[in-house]
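# Fold and contact review
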Amino acid sequence: MNSAPQNLIDHLTLNTQRFLKIAETLVGDEVFFRPYQSVNHFVWTAGHLAMVRNTMLRVIDSNTPLTSFENERGIFGPGSAIQPNEVYPDLSALLQSFEARGAQVSAWLATATDPQLGAQSGVQIPNLPATVGGLLHFFIIHETEHFGEMKMLKNLAIRQRA
């Protein structure tokens, strides 16, 4: 197997495992904890990352049918404002979507060729790579960046317990 797709699969798998591990100790409203108003809560970030995995599927094939939460891009997209807690799907549903969407990306990568990875993506985002492989790599790094935020939120929320 080509090492580039396998490296991406390995990182997607590791990211999924890390994400589930970070989320496992939060209880109740801790998933909505925000140390101050300009910070996104854990559920927003979880939904954002699930949404980004849909974007990864679109990078691979712009015609891929996607499963989405109601108003997914509106509540989890870049620049979206924090909504009342009841607007958000349950964290468990977000985690399941993140995992399932990652499995779809990994399944595609398992048979991807160098020409497929080097092809121009149908999704073009200013200042980001233009190829399928480049964008997938960027989005995997993007997930990892958010994990630091999520781990900090989790640690702060747990320390707030009475």
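Residues numbered from 1 in each chain as written. Predicted model: local features only at pLDDT ≥ 70, side-chain atom pairs only at ≥ 80, totals over all residues. Heavy atoms only, no water.

## Some words on the packing of helix 1 (residues 3-23) against helix 4 (residues 91-109)
Note the cut-off: As a rule, the C-alpha atoms of each element are fitted with a line to give its axis, helices using only the stretch in contact, and angles between N-to-C directions run from 0 to 180 degrees. Counting from the N terminus, the helices are DSSP H or I runs at least four residues long and the strands are E runs at least two residues long. Our angle categories are set so that under 35 degrees counts as roughly parallel, over 145 as roughly antiparallel, 65 to 115 as roughly perpendicular, and the remainder as oblique. For this analysis, residues touch if any pair of their heavy atoms sits within 4.5 Å. Note on residue categories: nonpolar means Ala, Val, Leu, Ile, Met, Phe, Trp, Tyr, Cys or Pro, charged means Asp, Glu, Lys or Arg, and polar means any other residue, Gly included.
For the pair helix 1 and helix 4, interaxial distance at closest approach is 9 Å and the crossing angle is 170°. Between helix 1 and helix 4, the angle is such that the two are roughly antiparallel. Packed against helix 1, whose contacting residues are Pro-5, Leu-8, Ile-9, Leu-12, Asn-15, Thr-16, Phe-19, Leu-20 and Ala-23, the element helix 4 presents Leu-91, Leu-95, Phe-98, Glu-99, Gly-102, Val-105, Ser-106 and Leu-109 at the interface. When the residues that make up the contact of helix 1 with helix 4 are grouped by side-chain class, the tally is twelve nonpolar, four polar and one charged.

## Here's the deal with the nonpolar core
Counted only if it meets this: Nonpolar core, defined: a set of buried Ala, Val, Leu, Ile, Met, Phe, Trp, Tyr and Cys residues in which side-chain atoms within 4.5 Å join the residues together. For each residue, the accessible area found with a 1.4 Å probe, counting protein chains only, is set against the maximum for its type, and the residue is called buried under 20%, exposed over 50%, and partly exposed in between.
With 45 residues, the main nonpolar core has Phe-19, Phe-42, Leu-91, Leu-109, Leu-136 and Met-150 as its most contacted residues. Looking at this core, the elements that each hand over two or more residues are helix 1, helix 2 (42-60), helix 3 (72-76), helix 4 and helix 6 (132-159). A per-element tally of this core places helix 2 first, with twelve residues. Discounting residues that sit within four places of it in the chain, Met-150 has contacts with Phe-19, Ile-22, Phe-42, Thr-45, Ala-46 and Leu-49.

## Looking at the side chain of Thr-16
Turning to its location among the elements, Thr-16 is positioned in helix 1. Among residues more than four places away in sequence, those in contact with Thr-16 are Arg-53, Phe-98 and Glu-99.

## Comments concerning the confidence of the model for the chain
The condition that has to hold: Each residue carries a pLDDT value, the predictor's own confidence for that position, ranging from 0 to 100.
On average, residues of the chain score 94 in pLDDT, and 98% of them are at 70 or above. No element of the chain has a lower mean pLDDT than helix 1, at 94, and none a higher one than helix 4, at 97.

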